[in-house]
Amino acid sequence: MSYDVIIIGSGPGGYSAAVRAGQYGLKTALIEKDPKLGGTCLHVGCVPTKALLHTAEVWEKFLHSESEGISCENPQLHYPKVVDRKNGIVSKHAKGIEFLMKKNKVEWIKGYGRIAGPGKVEVNADGASRILETKNIVLATGSEARMLPGLQSDAQRILTNIEILNLTEVPKSLAVIGSGAVGSEFASCFARFGSKVSIFEMLPRIVPVEDEEVSKELARVFKKQGIRVETSARCENIERTANGVRFQATLASGQTETIEADALLVAVGRRPNTDNIGLEGTPIETERGFIKVDGFQRTAMPGVYAIGDIVAGTPQLAHVATAEGIVAIGHIAGVDVTPIRKDRIPGCTYTEPGIGSVGMTEAQARATGREVRVGKFPFAANSKATILGMHDGFVKVVADEKFGEIMGVHIIGPQAYELIGEAVLAMEAEATVETLMSTIHAHPTIYEAVGE
């Protein structure tokens with residue numbers, strides 16, 4: 001049996017590509033090695049993490065309900081039920097993806113897929129191997145958490161994003177190495193659940209991909225919330241103890257401190273799953289394990305495309321994988337598609353306060369040599385933020401002085417990850433700062449801070 005397209009990996013990129021291929025009438029197969037569809041994002045990433053973060057937000061409101069005029073005596077957190085709710089959300093959406101495959105006539109093939117030559121994919125399942133033929137292959141094999149050298153994760157003490165989601169109780173103390181989206185989100189979540197949280201970041205600031213002022217504001221608010229933040233810190237000699245973990249932290253001051261915690265989350269980035277997928281002996285080019293592609297997601301091997309976390313040069317985000325999948329399948333189907341613009345990719349971090357950003361930071365914009373104008377508006381002056389009791393943060397717009405081109409927008413504050421949508425659309429439509437200013441924003445809303 002021959003296919004028009006075989007997709008290896010069923011994360012957001014893979015399953016979105018499969019649905020679009022089915023809609024175009026292509027004979028499509030989706031290969032997945034795990035028992036359920038959905039990949040890291042659905043099972044141990046975006047979705048379950050945000051489910052826990054939502055519960056943390058609700059829990060915090062119960063703890064501080066008196067300020068709302070609501071008496072809530074002796075609130076209790078039943079953490080196993082929190083985990084059950086998270087698992088229920090994941091299961092519901094996994095079944096939803098299965099339904100979408102059937103609806104769009106995509107064949108779900110269970111097993112481990114790899115390139116076996118031009119137009120050939122080998123599938124291994126239950127000790128048996130078979131070869132499938134196809135006109136096109138889309139690699140969507142995703143990524144996995146990087147672990148520090150010499151360390152192995154376990155169920156209770158040394159954790160990655162996978163193990164921390166399956167804890168049965170909230171640790172009294174949690175150390176986090178790495179302050180990107182994963183580290184910062186779990187720090188924010190478990191601090192609200194009652195853990196004593198400490199973050200250790202090797203670079204000079206937390207959430208280092210964000211605008212410097214955003215990093216500074218998140219560090220300030222984290223410290224106010226009781227989260228310890230150590231930047232320019234190096235962690236060594238990590239070992240399990242009878243009650244948790246112990247390691248040596250060399251701080252920015254040069255001082256070395258022994259850190260002990262009930263659990264340690266290692267959040268130092270993700271590595272692409274490109275080993276053993278059949279790249280050896282092919283013309284496909286890689287860079288530190290990431291696959292090089294063109295604007296239509298084509299690799300150097302004819303008929304082979306790559307999307308998502310394994311792609312060189314684009315951020316490892318679910319919505320990027322989806323967008324790249326749509327581009328790849330459109331190109332395969334002969335439909336006009338627009339390659340993704342890297343400067344129009346929104347980044348979202350679901351901490352409290354939240355972060356949403358798109359385009360250049362102020363430093364990046366100034367480094368272009370253009371005359372840059374910056375506008376800022378604090379949420380302290382926003383009526384709806386006052387109503388919500390969420391005053392921290394700001395909206396920052398970075399624009400070209402001469403033409404008003406929006407070069408970047410950086411938001412930290414209440415639901416910043418929702419507010420960034422207006423900025424992304426404005427930049428995609430090539431609107432100017434004046435367009436945003438003349439757009440009437442409803443009052444009182446959080447999003448009017450963008451207009452301000």
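Residues numbered from 1 in each chain as written. Predicted model: local features only at pLDDT ≥ 70, side-chain atom pairs only at ≥ 80, totals over all residues. Heavy atoms only, no water.

Time to look at the environment of G69. Take G69: it is sitting in the loop between α3 (46–63) and α4 (79–103). Using a relative accessible area of 67% as the deciding quantity, one classes G69 as exposed. Measuring from C-alpha to C-alpha, the distance between G69 and D400 comes to 46 Å, with 331 residues separating the pair along the chain. (Helix = DSSP H or I, 4+ residues; strand = E, 2+ residues; numbered from the N terminus. Buried < 20%, exposed > 50% of the residue type's maximum accessible area, 1.4 Å probe, protein only.)

Most of strand β9 (residues 173–177) is tucked away: 5 of the 5 residues are buried. Burial along β9 is two-sided: the residues S173, A175 and I177 and L174 and V176 are all buried. Here 5 bridges tie β9 to strand β10 (residues 196–200), and the two strands are oriented parallel to one another. Paired with A175 across the bridge in β10 is S198. In this fold, β9 hands off to helix α6 (residues 181–193), which returns the chain to β10; that crossover is right-handed. Direction of pairing for β9 relative to strand β15 (residues 263–266): parallel, over a ladder of 4 bridges. (Pairing = 2+ DSSP bridges. Right-handed = clockwise from strand over helix to strand, strands pointing away.)

Looking now at the sheet that holds strand β12 (residues 234–240). Ordered in space as β12-β13-β14, the 3 strands form an open sheet in which the pairing is antiparallel. Every interior strand has two partners, whereas the edge strands, β12 and β14 (256–261), have only one. Direction aside, the axes of adjacent strands within the sheet are offset by 20 degrees on average. Pairing of β12 with strand β13 (residues 245–250), which is carried by 5 bridges, proceeds in the antiparallel orientation. (Axes fitted to C-alpha atoms, helices over the stretch in contact; angles between N-to-C directions.)

Turning our eyes to something else, we now look at the side chain of D392. Structurally, the position occupied by D392 is in the loop between α10 (383–388) and β23 (394–400). Polar contacts involving the side chain of D392 include one to the side chain of R220, which spans 3.0 Å. Side chain to side chain, D392 and K224 meet in a polar contact 3.0 Å long. Dropping the residues within four chain positions of it, D392 is found in contact with E217, R220, V221, K224, F379, I412, G413 and P414. (Polar contact = N/O pair within 3.5 Å; in protein donor to acceptor, adjacent residues only side chain to side chain. Contact = heavy atoms within 4.5 Å.)

Pairing analysis gives 5 bridges linking strand β4 (residues 112–117) to strand β5 (residues 120–125), with the strands arranged antiparallel. Considered in β5, the bridge of Y112 is made with N124. What sits between the antiparallel neighbours β4 and β5 is a turn of 2 residues, in which G119 has the positive phi angle 70 degrees.

The interhelical angle for the contact between helix α1 (residues 12–23) and helix α8 (residues 318–333), taken along N-to-C directions, is 30 degrees, at an axis separation of 7 Å. With respect to α8, the element α1 is oriented roughly parallel. Considering the relative orientation of α1 and α8, their crossing is right-handed. The segment α1 lies against α8, with P12, G13, S16, A17, R20 and A21 engaging A318, A321, T322, G325, I326 and I329. By residue class, the composition of the contact of α1 with α8 is 7 nonpolar, 4 polar and 1 charged. (Parallel < 35°, antiparallel > 145°, perpendicular 65-115°, else oblique. Left-handed = near helix turned anticlockwise from the far one by under 90°. Nonpolar A, V, L, I, M, F, W, Y, C, P; charged D, E, K, R; others polar.)

Take the environment of R157 next. Checked against the element boundaries, R157 lands in the loop between β7 (143–145) and β8 (158–159). With relative accessibility at 27%, the residue R157 sits in the partly exposed group. Sequence separation of R157 and I206 is 49 residues, and the distance between their C-alpha atoms is 23 Å. Not counting residues up to four positions away in its chain, the partners in contact with R157 are R240, T241, A242, G244, V245, D262, A263 and L264. A distance of 2.4 Å separates a polar atom in the side chain of R157 from the backbone oxygen of T241.

Once that is clear, we can look at the packing of aromatic side chains. For the coordinates displayed, the defined rule picks out 6 aromatic pairs. Both rings, one in Y79 and one in F190, keep their centres 6.2 Å apart while their planes meet at 55 degrees; by these two values the pair is tilted. Placement of the pair is Y79 in helix α4 and F190 in helix α6, with a sequence separation of 111 residues. Ring centres 5.5 Å apart and planes at 85 degrees place the aromatic pair F200 and F247 in the edge-to-face group. Pair noted here: F200 is in strand β10 and F247 is in strand β13, with a separation of 47 residues, a long-range link. Note on accessibility: F200 and F247 belong to one class, buried. Feature note: the residues Y79, F186, F190 and F193 constitute an aromatic cluster, connected by ring pairs. Its guanidinium or amino end placed over the ring of W108, K110 lies 4.6 Å from that ring's centre, counting from NZ or CZ. Over the aromatic face of F394 sits the side chain of K376, whose NZ or CZ is 4.4 Å from the ring centroid. (Phe/Tyr/Trp six-rings, centres within 6.5 Å; stacked < 30°, edge-to-face > 60°. Lys NZ or Arg CZ within 6 Å of the ring centre and 35° of its normal.)

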